[in-house]
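# Structural overview for review
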Amino acid sequence: MEGQSSSYKPVRPKKFAASRKPSAAESKYWKSFSSKLIEQQIAAVTCINFCPEPPHDFAVTSSTRVSVYDGQTCKVKKTISRFSDVAYSGVFRPDGQLVVAGGEMGVIQVFDLNSRLVLRQLKGHSRAVHWVRYSPSDKLQVLSGSDDTTVRWWDVPTESEVLRLEGHADYVRSGSANPSSGDVWATGSYDHTVNLWDLRTSNVVLKLQHGKPLEDVLFFPSGGLLATAGGNVVKIWDILGGGRLLHALGSHQKTVTSLCITPPIRVNSNDLVTSKRLLTGSLDGHVRVFDISDFKVVHASKYDSPIMSMDLSQSMSTMAVGTSEGKLFIRQKKKVAAAEGANKKSISNVIYEEPKIETVLRPSNYRYFLRGRSEKATEEDFYVAQQRRLKLAEYDRHLRKFRYKEALVSSLKTFNPTVVLAVMEELICRRGLISAVSNLDTTSLELLLDFLRRNVTLPQYSRILIPFAHKVLDKCAGDFCLSPSILHQVAILRDKVEDEVRLQESLQSLQGLIQPLIQASIRGWVAEETIQVFIKREQKLLQSGVLDLVCHIESLWRRRGRGRVIKLSF
């Protein structure tokens, strides 16, 4: 016995496979945008727009003001509040010198970013202007969409209306310019349609039926594809192919309110090919990232409020998301480590270095007796490993002294299922598990029943715990009436197992519904036979496991009542 105790090996809990796959390169890339700060605005953040020019400041429109944030420090630089009512769609001119914004009063105002003075006022709309944009190829003209169902083309220096485009039957709330042609614009309306306008002819060259009120439209950088957001669906249209629908992305549960597309990015440093991503924000609080090569979701992030607007900087260093509750989430990409040679000495230090004076250690110095501590062994030296004292857990100490009941109870007190299962497996190998559950006191029995209640239906533990639960019910049936708390634990265990049985029955009925579909989609008798064997095995395990445990508990109720069914009320 002494030899066995000296060579005792501690119990090693079993490691189960991870339930989630490790993060892919795409997820790691988007998770590198760490949360910089959360700004609370006065009202809902209806528009966010990044300046195309460095340092990529961004304008945030909320309530009756447009706030301009610094692109690097993410602090407020300017606040434009010269609005008599709610402001909408505060965006930069392509050179970043001016800001244009609409408003609830139907007036479009152009501001100087430095002085915050109103330079121009464009009047003509009879209702609120929710969308306005500068022409990407011209600094002097602006296109706007209003709730009066019209789209208007303005000449900013003269404050005059150049074109009035009529073709929508409801509010015009979104639009986008074609990057390949500054004369082609797309506007989205609440009449469920998207109109493509040619400003040279003032006509609608293409009309698309989205089927839901349009919240946002966005041209792809090539100009050949158009993304439209309405309802919980984002649709991709082939403009060059005559407005052919290519994809319908229905990954959101609520209305999609914002779209943006990234510049070419390299997700993995080993990839030689760069690619673009389409980002969608929705009232369900999710931002989803789609790969535009196959339009599959590659990443998703969750916010605690419905998303109203979002945008990304051209340098892909800052991301801003605005919500209906007025929260502005600003996320910045984590900086990469410094360039090569940062830790090396400068040239001046290399040219001249002061000579190091070596100190001679003498016995009068304390460090004299510490010599050789940092020396590493060479190949010729003989290494003597230091024997470390083995630290054992409490259940290991009991197992080492063959105290099976104490070992089981101490493992239950850890409230770690993997540890308890490891101790049970060790006791099964020693043929001492049944003796460990005999003559348990009330507190230990409550711990054991609570453990079974929590874990008996888990698939990774059920193969051991279901037979063990049968043994516990047989061995400890006489102790159930000693304490009301033990009866309560048994009742909860019974209810938990019955719930599991009902769940398994519903899953079996669902399995019966999808089994013909699986058989119809699979070709070949080998795959079909494999599925049948798997189904029969699962059904057999179900019938012999959980169902037997329910019957066992019910029989105990009747046995303890001496022929009468005990009804407990807790």
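Residues numbered from 1 in each chain as written. Predicted model: local features only at pLDDT ≥ 70, side-chain atom pairs only at ≥ 80, totals over all residues. Heavy atoms only, no water.

Per its UniProt entry, the protein chain bears the Subcellular location (unreviewed entry) comment "Nucleus, Nucleolus". (UniProt positions renumbered as here; feature names shortened; annotations may be inferred.)

This paragraph deals with the pattern of salt bridges. Using the criterion set out here, one finds 18 salt bridges in the structure. Among the ionic pairs, R152 bridges to D148, the shortest N-O distance being 3.5 Å. The two residues R152 and D148 agree in class, both being buried. Through salt bridges with shared partners, one network takes in E26, R277 and D291. (Salt bridge = Lys/Arg side-chain N within 4 Å of Asp/Glu carboxyl O. Buried < 20%, exposed > 50% of the residue type's maximum accessible area, 1.4 Å probe, protein only.)

Moving on, we come to the layout of surface pockets. By volume, the largest pocket amounts to about 1500 Å³. Along its surface, the largest pocket is lined by 50 residues, and N49, R133, L218, L259 and D311 are the ones closest to its centre. Mapped by element, the contributors of at least two residues to the lining of the largest pocket are β2 (45-50), β6 (87-92), β10 (129-134), β14 (172-177), β18 (214-219), β22 (256-261) and β26 (307-312). (1 Å grid on protein atoms, 1.4 Å probe; cavity = no way out; pocket = protein on both sides within 12 Å on 5 of 7 lines; lining within 4 Å. Points joined across faces, edges and corners; volume = space filled by probe spheres on them. Helix = DSSP H or I, 4+ residues; strand = E, 2+ residues; numbered from the N terminus.)

Let's shift gears to empty space enclosed by the protein. Enumeration over the complete set of coordinates arrives at two cavities of 30 Å³ or more. Quantified by volume, the largest cavity comes out at close to 60 Å³. Forming the walls of the largest cavity are W30, L279, V287, V289, H299, S301, M319 and R331. Elements with a minimum of two residues in the lining of the largest cavity: β24 (286-291) and β25 (296-302). Residue classes in the lining of the largest cavity are distributed as five nonpolar, two polar and one charged. (Nonpolar A, V, L, I, M, F, W, Y, C, P; charged D, E, K, R; others polar.)

Judged by how many residues are buried, strand β28 (residues 327-333) sits mostly within the fold: five of seven residues are covered. Pairing between strand β1 (residues 33-40) and β28: seven bridges, direction antiparallel. Residue E39 lies in a different strand from β28, and its bridge partner there is L328. Counted between consecutive antiparallel strands, the loop separating strand β27 (residues 318-323) from β28 contains three residues, among which G326 sits at a positive phi close to 85°. (Pairing = 2+ DSSP bridges.)

Evaluated as defined, the whole model comprises twelve aromatic pairs. Here the aromatic rings of F58 and Y69 are separated by 5.2 Å at their centres, their planes lie at 5°, and the arrangement is stacked. Here F58, found in strand β3 (residues 58-62), pairs with Y69, found in strand β4 (residues 65-69); they are eleven residues apart in sequence, far enough to count as distant. Overall, the relative accessible area of 0% leaves F58 in the buried class. Ring pairing ties together the aromatic residues Y29, W30 and F33, which thus form one cluster. (Phe/Tyr/Trp six-rings, centres within 6.5 Å; stacked < 30°, edge-to-face > 60°.)

What follows covers the confidence of the model for the protein chain. Averaged over every residue, the pLDDT of the protein chain is 82; the share at 70 or more is 82%. Least confident of the elements in the protein chain is helix α3 (residues 347-351), whose mean pLDDT is 41; most confident is β18, at 95. Here residues 1-5 is modelled with pLDDT under 50, and outside its nearest four sequence neighbours on either side it reaches three contacts, counting other chains as well. In this model, residues 523-528 is a region of pLDDT below 50 whose contacts with residues beyond four sequence positions or in other chains number three contacts. (pLDDT = per-residue confidence, 0-100. Contact = heavy atoms within 4.5 Å.)

Our focus in this paragraph is a positive patch on the surface. On the surface, R397, R400, K401 and R403 cluster together to form a positively charged patch. Its location among the elements puts R400 in helix α4 (residues 394-400). Residue classification places R400 among the partly exposed residues on the basis of a relative accessible area of 33%. (Patch = residues over 30% accessible without salt bridge, like charges linked within 9 Å, V, L, I, M, F, W, Y side chains within 5 Å. Areas by Shrake-Rupley, 256 points an atom, 1.4 Å probe, with all protein chains shown as cover. Lys, Arg positive; Asp, Glu negative; His and termini not counted. Charge placed at Lys NZ, Arg CZ, Asp CG, Glu CD.)

Note the cis peptide between P54 and P55, where omega equals 5°. Here S89, not a glycine, exhibits a phi torsion of approximately 55°, which is positive. Take S89: it is sitting in strand β6. The exposure class assigned to S89 is buried, which follows from its relative accessible area of 3%. With a phi angle near 55°, E159 is a residue other than glycine that sits in the positive phi range. Within the fold, E159 resides in the loop between β12 (150-155) and β13 (160-166). Under the relative-accessibility criterion, E159 is labelled partly exposed at 37%.

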